[in-house]
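Here is what each chain is made of, one letter per residue.
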Amino acid sequence: MTAQAHSRDAHGGGEADRLAALEAELERVRWRDEVKGRILEVLGRVTAQNTVDGVCRAIVEEVRSELAFDRVGLFIWDDEISWFRGSFGTGLNGETTDERHIVWNPQPEYAEKILGGATFIRGCILGEPLAQPGEEGITADLVVLRREGHVYGVLSVDNRLSRRPISMEELQPLTLLSRILGNSVDLARARSALADSEERFREVAQNSREWIWETDSSWRYTYSSPAVEDLLGYTAEEVLGRTFDEFASGGAEGRAALKAQIEEFLSRGEKIEAFDNRQQRRDGAEVVFETFAIPVRDRNGVVVGYRGAHRDMTRERELEAQLIHAQKLEAIGRLAGGIAHDFNNILTSILGVVSMLLDELAEGDPIRGEIDQIRQAGERAAKLTRQLLAFSRRQLQHKGEIDAAELVRQMEDFLRRVIGEEIELEFDVAESGCRLQGDAAQLRQVILELAVNARDAMLNGYHAYGIPPPPRGRVRRLGLQVRRVDLSPEFCRTHPGLSAGPHVLLKVSDTGPGIPESIRGRIFDPFYTTREVGRGSGLGLSSVYGIVTRMAGHIEVESVEGEGTTFSIYLPCAHKDKKEDSMHANVPEQEHTEGRMILLVEDEEPIRRLMARMLETKGYRTLQAEDGEAALRLGESYPGRIDLVITDMVMPRMTGKQLVEGLRRVRSDFSVLFVSGYASEETVDEKELGTRVGFVQKPFTQEVLALKVEELIGGGG
């Protein structure tokens, strides 16, 4: 072959090599373009997922399908365990398997490379599941997925089934997935967290008894939870678009006041904490809301709305008002009780002396009339002090078992005379189950006071309250109802002072003008009255309140203007105390002898001397002591019989009860007569002291004292 020919052949061979190289390069470019297209397909499906699990499954299935690997597995970094946790992978059957239960622990040399910054780790020994016999030589390649230097996962690929080697060129496109897949996982996590948060908010809003809401900057509702329907009677949809102040109670004035407060909050841009406001239900009732809210701001810090909640505090505010009212009445009661005690001592002297003067004056004596006027004035004053004591709960109660139904039945004829023929009397009285512990006289006082009030309201109340008179022909009716009720714990929680269990319910209702809401909260206050000057002391309802409270009961009033008023009294049913009954039994009768000896104990000297004179004029003998300690010394040292101990209930250093208990330890031959202007909590317990016990309320006259003494021990001589 010539050199020229050899040159042509060499030239032709070189051209062929270059052509082959160009064709190979073209094939690689085409393959890369095809792979890029497939990568885009992978990314398209992956980024369309909304959950982390959806993203992970899509990565595994799309990489296996589009890039033609036999098996693909994805392990995600878990911050909670600071290691890798499985997500999804390819099983031996070629199907996608759930591997979220797997915690992947790569061999130390692999872990070091992963955390050290490697992108690819080639030829890794297969882990779980173990290689089948004959496949021990099959390895996997790892692609470390990083974003901004942070490892978020590892993608494992192998051709375990086909045993086709994987080239570096096949792995290289997977690096394109790294950042985008990382973003997809983070975005899916954020979406999942947002969805969880929204679901939690939805569950809270749907099930909360509080009204959760959002408004725009003009305080117009843009979101409302369903609780608004229970609270205001409007559906959530009906509330949207309406402003915060549209539901304010009090008409235009109330709306203007609430709007002014809202604008003040908005101008300051501050959060609202425990802001009380009154809003009106669809049915017209008023609801007290405690409102909490925070401002919602845009990126520039401008307030664009508020997000908050209304809490129904209506019942709580009512109970707070009741508590404050009860505390006020308790304070007034203590003052009234103290005044009544001192006043009763003064009246005792006045009426005692007057009664003795009247005894000594002849029937035709010209000054007898003037002295009788003093007596009448004193008795009126005594009635006022008794009402004060009833209100202040300082009256001594003669506790016993009362059949409330029978007591009301016995009062029927008397009440008909009191209320007059213009008013119908309607009774609804249970046959049985209405027994309670208390003072029958005081319970009668309660019924009579409420009946008289109802009568006056039906006859004169319209004018006093400024309410239009009823239509002609309307029946004036006074109703009395007595029945047994079993109170639930839920009822008692909203009615202070009551305990769950059987109670007697006493209702007194009328068809009068009702009590205006503006004064309803004051009707139990002492000295408050709507009657004309000189026609009422203002102590009637306050004494009723005191008696009911003293009997461990509760009184409430319901009233509708123009329709009438109902007072409901709940009193606990009686629990019979057999021990107490036994103490009443077998009390020996006193023998009737003349010259009875009475130990008289009274810390007020003028009253003590007056009482001694009253008794001595009736033939009794007296031993006098200024306090309990002196009386104890007299009782221990006196050698003769003491028939009766008359003692004030409330004295310095020692109460009357303590004195009697002390005397009973040294002698047992006496009866007891307690005297008091009022009884404190420590002295009202009427557990028997082993002897007959009587009580005289100050002020009293000589006749009253003499009758009570004779009842206990007989005449003086």
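Structural notes, computed from the coordinates. (Residues numbered from 1 in each chain as written. Predicted model: local features only at pLDDT ≥ 70, side-chain atom pairs only at ≥ 80, totals over all residues. Heavy atoms only, no water.)

The subject of this paragraph is the pattern of salt bridges. For the structure on display, the rule yields 29 salt bridges. Across the pair Glu424 and Arg477 runs a salt bridge whose closest N-O atoms are separated by 3.7 Å. One end of the pair, Glu424, is in strand S14 (residues 424-429); the other, Arg477, is in strand S16 (residues 477-487), and 53 residues separate them in sequence. For Glu424, a relative accessible area of 43% translates into the label partly exposed. The partly exposed category is assigned to Arg477, whose relative accessible area is 27%. Among the salt bridges present, the one from Arg641 reaches Asp643, with a minimum N-O distance of 2.8 Å. (Salt bridge = Lys/Arg side-chain N within 4 Å of Asp/Glu carboxyl O. Helix = DSSP H or I, 4+ residues; strand = E, 2+ residues; numbered from the N terminus. Buried < 20%, exposed > 50% of the residue type's maximum accessible area, 1.4 Å probe, protein only.)

The next subject is the sheet that holds strand S24 (residues 693-697). Spatially, the five strands line up as an open sheet ordered S21-S20-S22-S23-S24, and their pairing is parallel. The open sheet has two edge strands, strand S21 (621-625) and S24, and neither has a second partner. Going across the sheet, the axis of each strand differs from the next one's by a mean of 20°, ignoring polarity. Sheet analysis places strand S20 (residues 597-601) next to S21, joined by five bridges and oriented parallel. Note that in S21 the partner of Leu599 across the bridge is Leu623. Taken strand by strand, helix H18 (residues 605-617) contacts S20, S21, strand S22 (644-648) and strand S23 (671-676), and its axis lies near 170° from that of S21. Strands S20 and S21 of the sheet are contacted by helix H19 (residues 628-637), whose axis makes an angle of about 130° with S21. (Pairing = 2+ DSSP bridges. Axes fitted to C-alpha atoms, helices over the stretch in contact; angles between N-to-C directions. Contact = heavy atoms within 4.5 Å.)

This paragraph deals with the pairing of S22. The buried count for S22 comes to five of five residues, which makes it a mostly enclosed element. Residues Leu644, Ile646 and Asp648 point to one face of S22 and Val645 and Thr647 to the other, with burial holding for every one of them. Bridge count for S20 against S22 is four bridges, and the pairing is parallel. Looking at S22, one finds that Leu600 is bridged to Ile646. A crossover links S22 with its parallel partner S23, the connecting element being helix H20 (residues 656-664), and its sense is right-handed. (Right-handed = clockwise from strand over helix to strand, strands pointing away.)

One pass over the full model with this rule turns up one cavity of 30 Å³ or more. By volume, the largest cavity amounts to about 30 Å³. Around the largest cavity, the lining residues are Ala404, Val408, Leu436, Leu443, Ile447, Val482, Val504, Leu506 and Leu571. Secondary structure elements with two or more residues in the lining of the largest cavity: helix H11 (404-410), helix H13 (440-465) and strand S17 (501-510). Classifying every residue of the lining of the largest cavity by side-chain character gives nine nonpolar, no polar and no charged. (1 Å grid on protein atoms, 1.4 Å probe; cavity = no way out; pocket = protein on both sides within 12 Å on 5 of 7 lines; lining within 4 Å. Points joined across faces, edges and corners; volume = space filled by probe spheres on them. Nonpolar A, V, L, I, M, F, W, Y, C, P; charged D, E, K, R; others polar.)

Next up on the list: the packing of H18 against helix H21 (residues 702-713). With their axes 10 Å apart at the nearest point, H18 and H21 run at an angle of 65° to one another. Regarding H18 and H21, the two cross each other, and that crossing is right-handed. Contacts between H18 and H21 pair Met611, Met614, Leu615 and Thr617 from the former with Gln702, Leu705 and Val709 from the latter. Its residues assigned to classes, the contact of H18 with H21 shows five nonpolar, two polar and no charged. (Left-handed = near helix turned anticlockwise from the far one by under 90°.)

So, on to H20. Residues that lie three or four places apart on an α-helix share one face, since the helix turns once every 3.6 residues. Taken as a whole, H20 has its buried residues at Gly656, Lys657, Leu659, Val660, Gly662 and Leu663. Its buried side turned inward, H20 meets S20, H19, S22 and S23.

Taking 1.5 Å as the rise per residue, H21 with 12 residues should run 16 Å; its terminal C-alpha atoms sit 16 Å apart, in good agreement. Of the residues one or two after H21, Gly714 is the one with positive phi, at around 95°. (Expected span 1.5 Å × (residues − 1).)

Tallied over the entire structure, the rule returns 17 aromatic pairs. An angle of 80° between the planes, with centres 6.5 Å apart, marks the rings of Trp211 and Phe247 as edge-to-face. One end of the pair, Trp211, is in strand S8 (residues 211-216); the other, Phe247, is in the loop between helix H7 (236-239) and helix H8 (251-268), and 36 residues separate them in sequence. Phe247 matches Trp211 in its accessibility class, with the two residues each being buried. Aromatic ring contacts, followed pair by pair, group Trp211, Trp213, Trp219, Tyr221, Tyr234, Phe244, Phe247, Phe289 and Tyr306 into a single cluster. Above the plane of the ring of Tyr234 lies Arg242, whose end atom (NZ or CZ) is 5.2 Å from the centre. A cation over a ring is seen here: Arg664 above Phe670, with NZ or CZ 5.6 Å from the ring centre. (Phe/Tyr/Trp six-rings, centres within 6.5 Å; stacked < 30°, edge-to-face > 60°. Lys NZ or Arg CZ within 6 Å of the ring centre and 35° of its normal.)

A word on the nonpolar core. Across soluble globular proteins, nonpolar side chains show a tendency to be buried alongside one another. Grouped together as the largest cluster of nonpolar side chains are 42 residues, with contacts concentrated most on Ile447, Leu478 and Val482. Looking at this core, the elements with two or more residues in it are H11, helix H12 (412-419), S14, H13, S16, S17, helix H16 (540-550) and strand S19 (564-572). Setting aside residues no more than four positions away along its own chain, Val482 makes contact with Ala404, Ala405, Val408, Asp428, Val429, Ala430, Cys434, Val504, Leu505 and Leu506. Counting residues in each nonpolar core, the second largest holds 24 residues, with Val60, Val63, Phe88 and Leu171 among its members. (Core = buried A, V, L, I, M, F, W, Y, C linked by side-chain atoms within 4.5 Å.)

What follows concerns unusual backbone geometry. With the exception of glycine, most residues fall at negative phi, and the peptide bonds are largely trans. Phi is positive for Ser82, which is not a glycine, with a value near 55°. Locating Ser82 in the fold gives a position in the loop between strand S1 (71-78) and strand S2 (83-90). Its identity is not glycine, yet Arg163 carries a phi of approximately 60°, on the positive side. Its location among the elements puts Arg163 in the loop between strand S7 (150-158) and helix H4 (168-171).

This part is about the sheet that holds strand S9 (residues 221-224). Strands belonging to one sheet form pairs held by backbone hydrogen bonds; the direction of such a pair is parallel or antiparallel. A sheet is described by the order of its strands in space; here five strands give the open sequence S9-S8-S12-S11-S10, paired in antiparallel fashion. What marks the edges here is a single partner per strand, and that holds for S9 and strand S10 (272-280). This sheet shows a mean twist of 30° between the axes of neighbouring strands, independent of strand direction.

On to the environment of Tyr570. Tracing the chain through its elements places Tyr570 in strand S19. The class for Tyr570 is buried, based on a relative accessible area of 9%. Through-space distance from the C-alpha of Tyr570 to that of Ala552 is 8.8 Å; in sequence the pair is 18 residues apart. Aside from chain neighbours lying at most four places away, what touches Tyr570 is Val485, Leu487, Phe491, Leu498, His503, Val504, Leu505, Gly553, His554 and Glu556.

With respect to the element layout, Gly562 can be found in the loop between strand S18 (554-560) and S19. Overall, Gly562 belongs to the partly exposed group, its relative accessible area being 23%. A C-alpha to C-alpha distance of 5.6 Å links Gly562 and Gly514, two positions 48 residues apart in sequence. Once residues lying within four places of it in the same chain are set aside, the contact partners of Gly562 are Arg474, Gly512, Pro513 and Gly514.

Interpretation note: all reported values are geometric properties and have no functional meaning in isolation.
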